[in-house]
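Breakdown of the fold
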Amino acid sequence: MDLTFTAAEEEFRSELRSWLSANIPDEWRRPGFWESLPDDESFRLRRDWERDKALAGFAGIQWPTEFGGRGGTPGMKAIYDVEMVLADAPRTVNPLGLTFLAPTVMAIGTDAQKKEIIGPMLRNEVIWCQGFSEPGAGSDLAALSTRGVRDGDDFVVNGQKVWTTNAVHGDKIFTLVRTEPGSQKHRGISMLLIDMHQPGVDARPLKQMSGASEFGEVFFDDARVPATDVLGEIGEGWRTAMLLLSFERGASGISQYTEFRRQYDEIAAVAKKLGRDTDPVIRNKLARVLTELECLRLHSMHVLTQTERGRDLGFEASMTKLQWSETFQDLWEVYDDVLGEDDTLEQLGDLDLRPLNAQAMWSRSVTIWGGSSQVQRNVTAERVLGLPR
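Residues numbered from 1 in each chain as written. Predicted model: local features only at pLDDT ≥ 70, side-chain atom pairs only at ≥ 80, totals over all residues. Heavy atoms only, no water.

The name recorded for the protein in an unreviewed UniProt entry is Acyl-CoA dehydrogenase family protein, from Pseudonocardia lutea. Of the comments in the UniProt record for the protein, the one headed Sequence similarities (unreviewed entry) reads "Belongs to the acyl-CoA dehydrogenase family." (UniProt positions renumbered as here; feature names shortened; annotations may be inferred.)

Next up, the structure:
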């Protein structure tokens, strides 16, 4: 693997670092700042800031310039991911659109779709959410039952989606709908692009145990969608979805390593402040998870090297998801061990544990969403290692 970056990439790092330093208010970097804000206020601040970042040329780093991107290298994208973490930059409000939908539209969208979707998304003028999971179709996504019936130039959609990230803030949703009556499993599905600000679409928040409402559920009751708002071919939505999900590849593990390594240092500092850093069991667990973190870093650099050489990693992306999600979860299990019986407290002496507690609770979800660990192991076994089903 190549552990270095080019001179041009390092110049980009310096330029980005300077912009972030000048454009992130000091109070935003204060521990617990974002957790102290109401969800709507947090979303508004992040949306405005990210729009300004895009206008300054620091968005769509690896996108072609014809779509408003920077036309950068995979190395530049990796640097961008790392520097955003190191600068305590706000989390994106348009993650699913930017990561999944935009590159899919670039690849197979119509000219009208490319014009209407990509630019406004990059500038956060339109927030996208993803409607895949349903109450009866989680890991078995092909069991979805939301249906769209053709009525002239439109599809009329009825059904329900759940665990929809940013549902209550979404302007539009890209969603899988069964558009061929009587079809089953992967056949007869289309990917529809639906305006959420219309009669017949109802988005409701779901309260998480951390108190946040990042997820929601979406109900469709005779919502109308022009047939021109099908992404890909009608009835070929499963193929479109597989293309869309394939874009979660490349150097994503590098930013996650950077974030997790900082969190590790915070947890180690809590252990030291509480006098639990001398406990041999705690020390052993901290050492073990630190080793996992360094393995994640080296794996991420290997993935980046392969990507820079033009290799399509395909199903090997499942290995990256499995590694970072389980490492993250192991890290926060050590945090629980450090606190012991104080694990449920928000304040311990002069320690404000609320930001750390929120991360600990969030960690329980990462081995479920985006393809559960069980699914990722099956994919790796069958598609990478060639083992029998």
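The structure having been displayed, the exposition proceeds.
This paragraph deals with the environment of Trp19. Position of Trp19 relative to the elements: it lies in helix H1 (residues 7–23). When its relative accessible area of 16% is taken as the criterion, Trp19 is described as buried. As a C-alpha pair, Trp19 and Phe58 span 39 residues in sequence and 9.0 Å in three-dimensional space. If sequence neighbours within four positions are ignored, Trp19 has contacts with Trp49, Asp52, Lys53, Ala56 and Phe58. (Helix = DSSP H or I, 4+ residues; strand = E, 2+ residues; numbered from the N terminus. Buried < 20%, exposed > 50% of the residue type's maximum accessible area, 1.4 Å probe, protein only. Contact = heavy atoms within 4.5 Å.)

Tallying each qualifying case throughout the model produces 28 salt bridges. With a shortest N-O distance of 3.3 Å, Arg51 and Asp52 are connected by a salt bridge. On the basis of relative accessible area, Asp52 is assigned to the partly exposed category, the value being 37%. Note that Glu382 and Arg389 form a salt bridge whose closest N and O atoms lie 3.4 Å from each other. Taking relative accessible area as the criterion, Glu382 reaches 25% and is therefore assigned partly exposed. Accessibility expressed as a relative area gives 86% for Arg389, which makes it exposed. Salt bridges sharing partners connect three or more residues here, namely Glu41, Arg44, Asp48, Arg51 and Asp52. (Salt bridge = Lys/Arg side-chain N within 4 Å of Asp/Glu carboxyl O.)

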